[in-house]
Amino acid sequence: MKHNHNHDNAPGPKLMPVRFEYTNQAARTVCVAGTFNQWQPEAKTLHSSGVGNWWKQTDLAPGTYEYCLIVDGQWMPDPLARESVANPFGGRNSILKVADSPAAAQLADAENLPLKKSSK
(Lines give C-alpha, C1' and ligand atoms only; values in the text may rest on other atoms or scores of the structure.)
Protein backbone atom coordinates (compact mmCIF):
# COMPACT_ATOMS: atom_id res chain seq x y z
CA MET A 1 0.00 0.00 0.00
CA LYS A 2 1.38 3.40 -0.96
CA HIS A 3 1.17 6.35 1.34
CA ASN A 4 0.99 9.91 0.17
CA HIS A 5 3.57 11.84 2.16
CA ASN A 6 2.40 15.19 0.79
CA HIS A 7 -0.26 15.67 3.46
CA ASP A 8 -1.68 19.12 3.84
CA ASN A 9 -2.96 19.23 7.39
CA ALA A 10 -4.23 22.81 7.13
CA PRO A 11 -7.98 22.73 7.66
CA GLY A 12 -10.09 24.00 4.78
CA PRO A 13 -12.98 26.39 5.20
CA LYS A 14 -15.73 25.06 7.41
CA LEU A 15 -18.77 24.19 5.30
CA MET A 16 -22.17 25.34 6.50
CA PRO A 17 -25.50 23.68 5.62
CA VAL A 18 -27.68 25.72 3.26
CA ARG A 19 -31.21 24.81 2.20
CA PHE A 20 -32.75 26.19 -0.99
CA GLU A 21 -36.56 26.07 -1.15
CA TYR A 22 -39.06 26.97 -3.84
CA THR A 23 -42.82 26.44 -4.21
CA ASN A 24 -44.50 26.05 -7.59
CA GLN A 25 -47.08 23.32 -8.21
CA ALA A 26 -46.75 23.66 -11.99
CA ALA A 27 -42.94 23.33 -12.11
CA ARG A 28 -41.49 20.18 -13.67
CA THR A 29 -37.80 20.86 -12.95
CA VAL A 30 -36.10 23.29 -10.59
CA CYS A 31 -32.33 23.82 -10.32
CA VAL A 32 -30.10 26.38 -8.67
CA ALA A 33 -27.00 27.88 -10.27
CA GLY A 34 -24.61 30.47 -8.95
CA THR A 35 -21.11 31.48 -8.12
CA PHE A 36 -20.88 28.45 -5.79
CA ASN A 37 -21.20 25.97 -8.71
CA GLN A 38 -19.81 27.96 -11.67
CA TRP A 39 -23.38 28.76 -12.84
CA GLN A 40 -24.00 25.10 -13.81
CA PRO A 41 -27.71 24.36 -13.12
CA GLU A 42 -27.34 20.61 -13.62
CA ALA A 43 -24.97 20.53 -10.63
CA LYS A 44 -27.74 21.41 -8.15
CA THR A 45 -31.16 19.98 -9.03
CA LEU A 46 -33.81 20.55 -6.38
CA HIS A 47 -35.87 17.63 -5.10
CA SER A 48 -39.68 17.67 -5.35
CA SER A 49 -41.93 16.68 -2.50
CA GLY A 50 -44.55 15.82 -5.13
CA VAL A 51 -46.90 18.66 -4.18
CA GLY A 52 -45.05 21.66 -5.63
CA ASN A 53 -42.49 22.10 -2.85
CA TRP A 54 -38.90 21.92 -4.07
CA TRP A 55 -35.77 21.79 -1.92
CA LYS A 56 -32.04 21.17 -2.01
CA GLN A 57 -29.70 20.86 0.97
CA THR A 58 -26.04 21.59 0.26
CA ASP A 59 -22.93 22.65 2.17
CA LEU A 60 -21.13 25.88 1.28
CA ALA A 61 -18.11 27.70 2.63
CA PRO A 62 -18.86 30.97 4.43
CA GLY A 63 -19.09 33.92 2.08
CA THR A 64 -21.41 35.86 -0.22
CA TYR A 65 -22.73 34.23 -3.38
CA GLU A 66 -24.92 35.24 -6.32
CA TYR A 67 -27.40 32.71 -7.69
CA CYS A 68 -30.61 32.14 -9.66
CA LEU A 69 -33.27 29.47 -9.74
CA ILE A 70 -33.91 27.76 -13.07
CA VAL A 71 -37.55 26.73 -13.25
CA ASP A 72 -38.45 24.67 -16.33
CA GLY A 73 -35.51 26.28 -18.16
CA GLN A 74 -36.34 29.87 -17.15
CA TRP A 75 -33.75 31.73 -15.04
CA MET A 76 -35.22 33.81 -12.21
CA PRO A 77 -34.23 35.32 -8.88
CA ASP A 78 -35.22 33.40 -5.76
CA PRO A 79 -38.48 34.92 -4.46
CA LEU A 80 -37.38 34.08 -0.89
CA ALA A 81 -34.03 35.90 -1.14
CA ARG A 82 -33.68 39.05 0.96
CA GLU A 83 -31.29 40.74 -1.47
CA SER A 84 -30.64 40.77 -5.19
CA VAL A 85 -28.40 42.59 -7.66
CA ALA A 86 -28.69 43.39 -11.36
CA ASN A 87 -26.98 40.88 -13.63
CA PRO A 88 -25.42 41.54 -17.06
CA PHE A 89 -28.38 39.90 -18.84
CA GLY A 90 -31.00 42.46 -17.77
CA GLY A 91 -32.33 40.30 -14.93
CA ARG A 92 -31.52 39.93 -11.26
CA ASN A 93 -29.34 37.55 -9.27
CA SER A 94 -30.25 36.65 -5.71
CA ILE A 95 -27.68 37.15 -2.96
CA LEU A 96 -26.89 34.39 -0.47
CA LYS A 97 -24.78 35.20 2.60
CA VAL A 98 -23.42 32.12 4.34
CA ALA A 99 -22.33 32.83 7.92
CA ASP A 100 -19.35 31.07 9.47
CA SER A 101 -21.41 29.65 12.35
CA PRO A 102 -25.07 29.00 13.25
CA ALA A 103 -24.84 31.71 15.93
CA ALA A 104 -23.63 34.26 13.35
CA ALA A 105 -26.47 33.23 11.03
CA GLN A 106 -29.02 33.79 13.80
CA LEU A 107 -27.52 37.20 14.56
CA ALA A 108 -27.72 38.17 10.88
CA ASP A 109 -31.35 37.03 10.78
CA ALA A 110 -32.16 39.06 13.89
CA GLU A 111 -30.66 42.18 12.33
CA ASN A 112 -33.17 41.88 9.48
CA LEU A 113 -36.24 41.65 11.70
CA PRO A 114 -38.50 44.70 11.76
CA LEU A 115 -38.06 46.90 14.80
CA LYS A 116 -40.92 47.09 17.25
CA LYS A 117 -42.01 50.55 18.25
CA SER A 118 -42.01 51.05 21.98
CA SER A 119 -45.21 52.46 23.41
CA LYS A 120 -44.73 55.41 25.73
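Computed from a predicted structure; not experimentally measured.

Reading guide: rules and limits
- Residues numbered from 1 in each chain as written.
- Predicted model: local features only at pLDDT ≥ 70, side-chain atom pairs only at ≥ 80, totals over all residues.
- Heavy atoms only, no water.
- Helix = DSSP H or I, 4+ residues; strand = E, 2+ residues; numbered from the N terminus.
- Polar contact = N/O pair within 3.5 Å; in protein donor to acceptor, adjacent residues only side chain to side chain.
- Contact = heavy atoms within 4.5 Å.
- Buried < 20%, exposed > 50% of the residue type's maximum accessible area, 1.4 Å probe, protein only.
- Pairing = 2+ DSSP bridges.
- pLDDT = per-residue confidence, 0-100.
- Salt bridge = Lys/Arg side-chain N within 4 Å of Asp/Glu carboxyl O.
- Phe/Tyr/Trp six-rings, centres within 6.5 Å; stacked < 30°, edge-to-face > 60°.

Q: How would you explain the side chain of T58 if you had to name every residue and give the values?
A: Along the chain, the position of T58 falls in strand 4 (residues 53–60). At 2.7 Å, the side chain of T58 forms a polar contact with the side chain of K44. Those residues in contact with T58 that sit more than four places away from it in its chain are M16, P17, V18, F20 and K44.

Q: For the pairing of strand 2 (residues 30–34), give the residues involved together with the corresponding values.
A: Regular strands place side chains that alternate from one sheet face to the opposite one. Of all five residues in strand 2, five are buried, a share of seventy percent or more. The side-chain alternation of strand 2 yields two buried faces, one formed by V30, V32 and G34 and the other by C31 and A33. With five bridges connecting them, strand 2 and strand 5 (residues 63–71) associate as antiparallel partners. Bridge pairing links C31 to I70 in strand 5.

Q: Please give an account of the sheet that holds strand 4 that cites residues and values.
A: The antiparallel open sheet is built from three strands, whose spatial order is 1-4-3. Each edge of the open sheet carries a strand with a single partner, namely strand 1 (16–23) and strand 3 (47–48). With eight bridges connecting them, strand 1 and strand 4 associate as antiparallel partners. Residue pairing for strand 4: T23 is matched across the bridge by N53.

Q: Describe in detail the confidence of the model for the protein chain, supporting the description with residues and values.
A: This prediction gives the protein chain a mean pLDDT of 83; 74% of its residues lie at or above 70. The secondary structure element of the protein chain with the lowest average pLDDT is helix 1 (residues 102–111), at 53, and the one with the highest is strand 5, at 98. Segment residues 1–8 is flagged for pLDDT under 50; beyond a separation of four residues in sequence, or across chains, it makes zero contacts in the model.

Q: Any details on the side chain of S94? Residues and values, ideally.
A: Topologically, S94 is positioned in strand 8 (residues 92–98). Among the polar contacts made by the side chain of S94, one reaches the main-chain amide nitrogen of D78 at a distance of 2.7 Å. Excluding anything up to four places from it in sequence, S94 contacts Y65, E66, Y67, P77, D78, A81, E83 and S84.

Q: Talk me through the pattern of salt bridges; I want residue IDs and the actual numbers.
A: Using the criterion set out here, one finds two salt bridges in the structure. For the salt bridge of E21 with R19, the shortest nitrogen-to-oxygen distance reads 2.7 Å. Residue K97 pairs with E83 through a salt bridge whose shortest N-O separation is 3.2 Å. Of the two residues, K97 is situated in strand 8 and E83 in strand 7 (residues 83–86); the sequence distance between them amounts to 14 residues. The exposure class assigned to K97 is exposed, which follows from its relative accessible area of 55%.

Q: Give me the packing of aromatic side chains: which residues, what numbers.
A: Within this structure, the stated rule accounts for five aromatic pairs. Ring geometry for F36 and Y65: centres 5.8 Å apart, planes at 75°, overall edge-to-face. Here F36 is found in the loop between strand 2 and strand 3, whereas its partner Y65 is found in strand 5, with 29 residues between them in sequence. When sorted by exposure, F36 lands in the same class as Y65, which is buried. Taking the centre distance of 6.4 Å and the plane angle of 45° together, the rings of F36 and Y67 count as tilted. Of this pair, F36 sits in the loop between strand 2 and strand 3 while Y67 sits in strand 5, and the two are 31 residues apart along the sequence. Each member of the pair, F36 together with Y67, is buried.

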